[in-house]
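Chain by chain, the residues run as shown.
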Amino acid sequence: MNKFIRNILLVGMCAAPAMVYAWPWSQDMMNQPSIKPQEGTPAPFAKRSVPVSGIPTKVANRDEAKGLKNPMQPTPEVLKQGKNLFKIICAACHGLAGQANSPVSDKIGAIDLTSDYVQKQLTEGWLFGTITYGSAIMPAYGVPGEGGGSNDLSPEERWYVVTYVKNQLVKDAAAAAQTKSQP
Ligand code: HEC
């Protein structure tokens, strides 16, 4: 092959990965025209079948979510899943144990999730709605596009996080404080 053409090809190949992001198909594969869990009309169940899973928690906004009942129990497995997701998604703004002590907490006004306000006043349904639809500044995690948000968390995953926040976050925060105060 002509050396000149080979060089042009090489340069082109090196530059290509950067261009890939601008192509029309550069979008999250989750956001495609398919029916997601809890969207559309579900197929009717066969007669006499017994449901073994599925969480009917589709709501239109945060206010509607307020009264939802958490379908999960705080089992070790659920808490473990919730803690994992919390650390991945919530901790960046709310701090590792939810105490609003991450480097950006103050700057954006992320609140302390171990406070009485969140632990006692807000219902589990409201927390689910907040994660689903976002809050004033907080992005949505259950609806793509809502306030710059995404659908990164499935309904199940959102309930994992809610269960963790309401059942173990305060304990984890206390444990973290204790480790810190030890010499
Ligand atoms: C990008 C930063 C950011 C992330 C990530 C984030 N939050 Fe928030 N969150 C905020 C801010 C800022 C506020 C306070 C202002 C507001 O309501 O938007 C808030 C408020 C809240 C509130 C209080 C809502 C109310 O009604 O007062 C709850 C509960 C909450 N967040 C839970 C979570 C959980 C659980 C996660 C993880 C799934 C999470 N947040 C992820 C920034 C964030």
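Residues numbered from 1 in each chain as written. Predicted model: local features only at pLDDT ≥ 70, side-chain atom pairs only at ≥ 80, totals over all residues. Heavy atoms only, no water.

Thoughts on the environment of Ser115
Then step 1. Inspection of the secondary structure assignment puts Ser115 in the loop between helix H4 (105–108) and helix H5 (116–121).
Then step 2. Sequence separation between Ser115 and Gln99 is 16 residues, and the spatial gap between their C-alpha atoms is 8.0 Å.
Then step 3. Reaching out from Ser115, the side chain makes a polar contact with the backbone oxygen of Asp112 at a distance of 2.7 Å. (Helix = DSSP H or I, 4+ residues; strand = E, 2+ residues; numbered from the N terminus. Polar contact = N/O pair within 3.5 Å; in protein donor to acceptor, adjacent residues only side chain to side chain.)

Points about the environment of Ala110
Then step 1. Here Ala110 is to be found in the loop between H4 and H5.
Then step 2. On the basis of relative accessible area, Ala110 is assigned to the buried category, the value being 15%.
Then step 3. In sequence terms Ala110 and Ala92 are 18 residues apart; their C-alpha atoms lie 9.8 Å from each other.
Then step 4. If we skip the residues at most four places from it in the chain, Ala110 touches Cys93, His94, Ala100 and Ser105. (Buried < 20%, exposed > 50% of the residue type's maximum accessible area, 1.4 Å probe, protein only. Contact = heavy atoms within 4.5 Å.)

A word on the site of the ligand
Then step 1. Taken together, 22 residues form the shell around the ligand, and within it Cys90, Cys93, His94, Ser135 and Met138 come nearest.
Then step 2. Between the ligand and the protein, one listed contact pairs an oxygen atom with a side-chain N or O atom of Arg62 at 3.3 Å.
Then step 3. Here an oxygen atom of the ligand sits 2.5 Å away from a polar atom, N or O, in the side chain of Ser135.
Then step 4. Residues belonging to the shell around the ligand are distributed by class as follows: 17 nonpolar, four polar and one charged. (Near = heavy atom within 4 Å. Nonpolar A, V, L, I, M, F, W, Y, C, P; charged D, E, K, R; others polar.)

Side note on the coordination of the iron atom of the ligand
Then step 1. In the first shell of the iron atom of the ligand, the protein supplies His94 (NE2) and Met138 (SD), at 2.0 to 2.2 Å from the metal.
Then step 2. Between the six donor atoms coordinating the iron atom of the ligand, the angles at the centre fall across 86 to 179°, so the site counts as octahedral. With His94 in helix H3 (residues 76–94) and Met138 in the loop between helix H6 (124–133) and helix H7 (155–167), the pair connects residues that are 44 residues apart, well separated along the chain.
Then step 3. The class of His94 is buried, set by a relative accessible area of 11%.
Then step 4. Of the residues examined, Met138 reaches a relative accessible area of 27% and is grouped as partly exposed. (Donors = N, O, S within 2.8 Å, 3.2 Å for Na, K, Ca; no water. Tetrahedral: all angles 85-135°; square planar, octahedral: opposite > 155°, others 65-115°.)

Focus on the packing of aromatic side chains
To describe a pair of aromatic rings, one takes the distance between the centres and the angle between the planes.
Then step 1. The final tally for this structure, using the stated rule, is two aromatic pairs.
Then step 2. Measuring from centroid to centroid gives 4.3 Å for Phe128 and Trp159, while their planes differ by 15°, and the two rings are stacked. One end of the pair, Phe128, is in helix H6; the other, Trp159, is in helix H7, and 31 residues separate them in sequence. (Phe/Tyr/Trp six-rings, centres within 6.5 Å; stacked < 30°, edge-to-face > 60°.)

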